[in-house]
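Letter by letter, the chains look like this.
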Amino acid sequence: MNIADAVVQGILVGGLYALFAAGLSLIFGVMRLVNIAHGDFIVLAAYVAMVVIEASGMNPFAALIVVVPLMAALGYVIQRFILNRTLGEDLLPPILVTFGLAVIIQNGLLTLFSTDTRRLSAGPIETANLSLGGITVGVLPLITFASAVGLILLLEVGFFRSRLGRAFRATSDDAETARAIGVNTRHIFALAMALSFAVIAIAGVLLAVRSNFDPFSGPARLIYGFEAVIIGGLGNLWGTLAGGVVIGVAQSLGAQISPAFQTLAGHLVFFAVLAIRPRGLFPRMD
Amino acid sequence: MADPILSVSGLSSGYGDFQALFDVSLTVPEKSVLGLVGANGAGKSTLFKAVMGLLPRARDMVTFRGQPIGDVHPERMAQMGIVMVPEGRRLFRSLSVEENLRLARDHGRAGDWTPERVYELFPILGEKRRQPATALSGGQQQMVAIGRALVANPAVILFDEISLGLAPIVVNDVYAALPPIVDSGISAVVVEQDVDRVLKLAQTLVCLSEGKVALSGPTESFTKAQLTAAYFGE
Amino acid sequence: MTLSLSKPALRVALGLIVVTLLLGSAPWWAGRADLRLIGEFMSFLALAVLWNLLAGYAGLMSVGQQAFVGIGGYMLFIGVIWLGLPPLAAIPLAMLVAGLAAAIFAPLLFRLEGAYFAIGTWVAAETVSLIFSAIPSLGAGAGMSLPVAAVRSIADSRDGREAVIYWLLLGLGVGTLAGAYALIRSKPGLALMALRDNALGAGSVGVDIWRTRFWTYVGVAAVTGAIGAVIFLQKLRISPVSAFSLTDWTVVVIFIVVIGGIGRLEGAILGTLAYFILRELLVDYGAIYMIVLGLAAILVMTVSRAGIWGALESRFGWSLLSTRRHRRE
């Protein structure tokens, strides 16, 4: 593989990382909460998709019809009945509770599905590829990247043009005043989490079709998503896409040096950005 | 005297361990203005927050149209007809002027007060409706905050220090809006540091001192000297 | 309760001395398995006290402390194998390098807030782990073993070696507890207490938040390095997976602190006990006991934030290692 190839692959996988990050970014924006179990929920979505597919014989993309609402409902319930109780001045409770959820999910999946690595099969689309300007590009990575762009576009439009988006932004600015105006913030927080989980579901299926996964694949996904958010800048979903691309390219180029260097390359770029531009490339909020 | 629309009886509340209000009682008559005065820290904003449910209170401590509402969540208050113009305006900075109004209308009650009517009351807002709410001047932001309360079509508006940080001439403009508001059928409870202004616009007066009611009754029954004395806790 | 520092502090000191003497004599009356168990208890107690200092007091919620356990372990091996140091002399080396690593990461990590800081510490740990596993002379992914000669140099007999390591762990456990207690009651400790209660407020009364956090982070890293060094001295073998294990060195420790009670030193003792009991009860059920830990932590955080000790303290007013200077709720 040459450099140009590696960069293109990196850009495309960056879309997937941006999807990981989008869910994180969304809920941080609305309620200043970081879900440490985020990556584990992505993996959970992958397993849910797997179960749905095995039971119905559906194609992974068709399975989204079931997985997305299921995950969204799960997110709503978790926020409404568990995480809402941890919101407040103290920073520790949400971190610790989501950490607890991460451990439960990992070990729960381990108990149910063992450590075998899995993969979802999407049929011929997995190996299909196009030639773009002399570079061979896989159709699946292209679809993944396009999905990321499409989803971010949808989220941005939703946030700035819809009634619900207005309520999200107001709650994010000042939850107490929003309540006084009549916004049911407990419900809004739960809706935001449901939305984040919908994105998680999509990311999970796209991940599962693309690579192997096992009960402990979650933390790495969280870390890549987190790095994308920090590099891109807080409060900016397009920035998150840029951040995802940066990590993707860094990892791809790192892998050219040696396979062991792949993840490390991403971490080093992350620390470099933290050192030089701590607020990220395109920060939009404090 | 008109029927009370909102009344507080024996309200005690505070922040965690710290009690800020001790057995406060007052009555807001319909379609009138009640002036709430007191030194800094006397508990005026705290009282508003307690009425709105943002601070703890018991069921019977707050009554609206004769019904106890002390156990109602804050987000239901706008639907019921009680809204607040908070201290410091607290506009949503990610939203434009128009969006601030629309949000409040989405979650309030339907009625005569629409964003358009707010723009009639405050024409300058109509010109700046698409700007981010916090990009406006202090006085204009105060108008947005009042407009935000109006579009919920409430029965009672709690005005918390709307003159804070504003030049006197701007304050006059803001307060000029009060008579039309009350005429449209809304009662107002006004927290105000400027005693002279309160004496002019309120029909009823309550003075708080260190979390307790020091003075309460029709405005004309007090002299300025009595009021000042109660204000400073003498 | 008044500001009297003499009586309760004296009681605590006496209590600790008695317990230490009792446990210190264990090599003469306890079997090898029991010694190892108590030693393990002490290592987790120490890690829990340290994590409590970081998260409960300095407001630094780190999920990357495994970095320093691993660095400590590897530096012991490097000190013995590459530098020919006697194992006990390699422990200060471990502390030094761990502290240094913390000093390098801190300025970067401190740019992140709250949960983002937490994940950042995790990334730092992963980075350190990846670096160590890339070095071939350290055995790369497979790890390496401690040479027999170096191990023999600790003491003549197997029992002797077990005793020495046991005393090291005991010293670390009791020492960390006593040290944390002393620190919190001392003048610099006031800064930590202020930071815990209200970071912004602390800043406004002149507490240098950044420096307090920095030195706490570095100090905790150094002691963690020492603990890592002794743990792996005992294990005789190290690999990146075991050295930098999130599960072993962070997940368990966090749960100990949370369940026992954050911000209360007694909580570390109770939490460690609770963990060991749970582990004994559920050892046959594999992953289930991690799930139970997770559930317990969630329950604590949503129901009684102060953990088991906090609940006992509110209910019965108990206080063993009171670092409180005034009455709170």
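What you see is a predicted model; the values in this text were computed from it and never measured.

So what exactly am I meant to see when it comes to the overall build of chain A here?
A count of helical and extended segments in chain A gives eleven helices and two strands. Mapped from its N terminus to its C terminus, chain A presents α and β elements in the order α-α-α-α-β-β-α-α-α-α-α-α-α. If you line up chain A on its principal axes, its C-alpha atoms span 60 × 50 × 35 Å. Here chain A, with 286 residues, has 58% of them falling under the buried criterion. Put simply, of all contacts in chain A between residues at least 6 apart along the chain, 75% involve residues at least 24 apart.

Looking at this structure, I do not really get the interface of chain C and chain A. What am I missing?
Note: interface size is frequently given as the accessible area lost on complex formation between the parts. Contacts between the two partners involve 31 residues from chain C, matched on the other side by 34 residues from chain A. At the level of secondary structure, the elements contributing two or more residues to the side of chain C that touches chain A comprise α6 (114-134), α13 (246-260) and α15 (288-303) of chain C. Per-element accounting of the side of chain C that touches chain A gives the leading share, eleven residues, to α6 of chain C. Taken together, the residues of the side of chain C that touches chain A break down into 24 nonpolar, four polar and three charged.

Explanation requested: the packing of helix α5 (residues 139-161) of chain A against helix α8 (residues 185-210) of chain A in the structure shown.
A pair of packed helices is characterised by two quantities: the angle between their axes and the separation of those axes. Residues and elements named next belong to chain A. Where α5 meets α8, the axes come as close as 11 Å, and the angle between the chain directions of the two elements is 170°. Here α8 runs roughly antiparallel to α5, going by the angle between their axes. Counted together, Leu 140, Thr 144, Ser 147 and Leu 151 of α5 and Val 199, Ile 202, Leu 206, Val 209 and Arg 210 of α8 form the full contact between these two elements. Partitioned by chemical class, the residues of the contact of α5 with α8 number six nonpolar, two polar and one charged.

What exactly am I supposed to notice about helix α4 (residues 66-81) of chain C here?
Turn by turn, an α-helix covers 3.6 residues, leaving residues three or four places apart pointing in a common direction. The terminal C-alpha atoms of α4 of chain C lie 22 Å apart, and with 16 residues this matches the ideal 22 Å at 1.5 Å per residue to within 8%. In terms of residue burial, α4 of chain C counts as a mostly covered element, since 15 of its 16 residues are buried.

How do you make sense of the packing of α4 of chain C against helix α5 (residues 87-109) of chain C when you look at a structure like this?
Residue and element names in this part refer to chain C. Two numbers describe how α4 lies on α5: the axes approach to 8 Å, and their chain directions differ by 140°. What the angle tells us is that α4 and α5 run oblique. Considering only the axes of α4 and α5, their crossing is right-handed. Note on element contacts: α5 touches α4 through Pro 87, Ala 90, Ile 91, Leu 93, Ala 94, Val 97, Ala 98, Ala 101 and Ala 102, opposite Ala 67, Phe 68, Ile 71, Gly 72, Met 75, Leu 76, Gly 79 and Val 80.

Explain the sheet that holds strand β8 (residues 187-191) of chain B to me, please; I cannot follow it from the model alone.
By definition, the strands of a sheet pair up through backbone hydrogen bonds, in either a parallel or an antiparallel sense. Residues and elements named next belong to chain B. Spatial ordering of the open sheet is given by β6-β7-β8-β3-β9-β10, a layout of six strands whose pairing is mixed. Taken across any chain shown, the strands that pair with only one partner, and hence form the sheet edges, are β6 (82-85) and β10 (212-218). Across the sheet, the axes of successive neighbouring strands diverge by a mean angle of 15°, strand direction being ignored. Pairing between strand β3 (residues 33-38) and β8: four bridges, direction parallel. Considered in β8, the bridge of Gly 35 is made with Val 190. Packing against the sheet, helix α1 (residues 44-52) makes contact with β3, β6, β7 (156-160), β8 and β9 (204-209), and its axis sits at approximately 150° to β7.

Please explain the nonpolar core as it appears in this structure.
Across soluble globular proteins, nonpolar side chains have a tendency to be buried as a group. All names here are of chain A. Formed by 285 residues in total, the largest nonpolar core has its most connected members in Ala 45, Ala 49 and Val 205. Per-element tally for this core: the top contributor is α8, with 20 residues. Sequence-distant contacts of Ala 45, that is, excluding residues within four places in its chain, are made with Val 67, Met 71, Ile 200, Ala 201, Gly 204 and Val 205.

Before we go on, may I ask you to explain α8 of chain A in this structure?
Its 26 residues place the ends of α8 of chain A 37 Å apart at the C-alpha level, agreeing with the 38 Å of an ideal helix rising 1.5 Å per residue. Here α8 of chain A lies mainly inside the structure; 23 of its 26 residues are buried.

Could you clarify how one ought to interpret the sheet that holds strand β1 (residues 4-15) of chain B in this entry?
Residues and elements named next belong to chain B. If you trace the four strands from one edge of the open sheet to the other, you get β2-β1-β4-β5, paired in antiparallel fashion. The outermost strands of the open sheet, each flanked by one partner alone, are β2 (18-29) and β5 (67-68). Direction of pairing for β1 relative to β2: antiparallel, over a ladder of eight bridges. Within the sheet, the bridge partner assigned to Ser 13 lies in β2 and is Leu 21. Sheet strands touched by α1: β1, β2 and β4 (62-64). Its angle to β2, the strand with the most contacts, is close to 75°.

Help me out: how do you make sense of the pairing of β7 of chain B in this one?
Within a regular beta strand, the side chains point alternately toward one face of the sheet and then the other, so they alternate between its two faces. Residue and element names in this part refer to chain B. Of all five residues that make up β7, five are buried, and the element is covered over most of its length. Going residue by residue along β7, you find Val 156, Leu 158 and Asp 160 tucked away on one face and Ile 157 and Phe 159 tucked away on the opposite face as well. As paired elements, β6 and β7 share four bridges and run parallel to each other. Counterpart to Val 85 in the pairing with β7 is Phe 159.

Sorry, what's going on with the pairing of β1 of chain B here?
All names here are of chain B. The antiparallel hairpin formed by β1 and β2 contains two residues in its connecting segment, where Gly 16 sits at a positive phi of about 65°. Bridge count between β1 and β4: three bridges; the pairing is antiparallel. Bridged to Leu 6 within β4 is Phe 64.

How should I be thinking about the environment of Ile 125 of chain A in this particular structure?
All names here are of chain A. Looking at the element boundaries, Ile 125 is found in the loop between α4 (92-113) and β1 (129-132). As for Ile 125 and Val 209, which are separated by 84 residues in sequence, their C-alpha atoms are 10.0 Å apart. Look past the residues within four positions of Ile 125 in its chain and what remains in contact with it is Val 139 and Leu 140.

Please explain unusual backbone geometry as it appears in this structure.
Peptide bonds are trans in most cases, and residues, glycine excluded, mostly fall at negative phi. Residues and elements named next belong to chain B. Backbone geometry places Asp 23, a non-glycine residue, at a positive phi of 55°. Relative to the elements of secondary structure, Asp 23 occurs in strand β2. The residue Lys 31 is not glycine, and still its phi comes out positive at about 50°. Tracing the sequence through the fold places Lys 31 in the loop between β2 and β3.

Quick question: what am I supposed to make of the confidence of the model for chain B here?
In regions of low pLDDT, the predicted coordinates are not meant to be interpreted in detail. Residues and elements named next belong to chain B. This prediction gives chain B a mean pLDDT of 90; 99% of its residues lie at or above 70. Ranking the elements of chain B by mean pLDDT puts helix α10 (residues 224-231) last, at 81, and β7 first, at 95. For this predicted complex, the interface confidence reaches an ipTM of 0.90, while the overall pTM sits at 0.89.

I tried to follow the environment of Met 42 of chain C on my own but got confused; where do I start?
Tracing the chain through its elements places Met 42 of chain C in helix α3 (residues 32-57). Residues Met 42 of chain C and Thr 247 of chain C lie 205 residues apart in sequence; the distance between their C-alpha atoms is 18 Å.

Where do I start with the environment of Ala 180 of chain C in this structure?
Residues and elements named next belong to chain C. When you line up the elements, Ala 180 lands in helix α8 (residues 158-185). Under the C-beta neighbour-count criterion, Ala 180 is labelled buried, with 24 such atoms within 10 Å. Placed 136 residues apart in sequence, Ala 180 and Phe 44 show a C-alpha to C-alpha distance of 15 Å. Leaving out residues up to four positions away in the same chain, Ala 180 has contacts with Val 49, Leu 53 and Leu 265.

Here is what the cut-offs are and how they apply
Residues numbered from 1 in each chain as written. Chains lettered and ligands numbered in written order. Predicted model: local features only at pLDDT ≥ 70, side-chain atom pairs only at ≥ 80, totals over all residues. Helix = DSSP H or I, 4+ residues; strand = E, 2+ residues; numbered from the N terminus. Buried ≥ 20, exposed ≤ 12 C-beta atoms within 10 Å, placed from the backbone. Contact = placed C-beta atoms within 7 Å. Nonpolar A, V, L, I, M, F, W, Y, C, P; charged D, E, K, R; others polar. Axes fitted to C-alpha atoms, helices over the stretch in contact; angles between N-to-C directions. Parallel < 35°, antiparallel > 145°, perpendicular 65-115°, else oblique. Expected span 1.5 Å × (residues − 1). Left-handed = near helix turned anticlockwise from the far one by under 90°. Pairing = 2+ DSSP bridges. Core = buried A, V, L, I, M, F, W, Y, C linked by C-beta atoms within 7 Å. pLDDT = per-residue confidence, 0-100.

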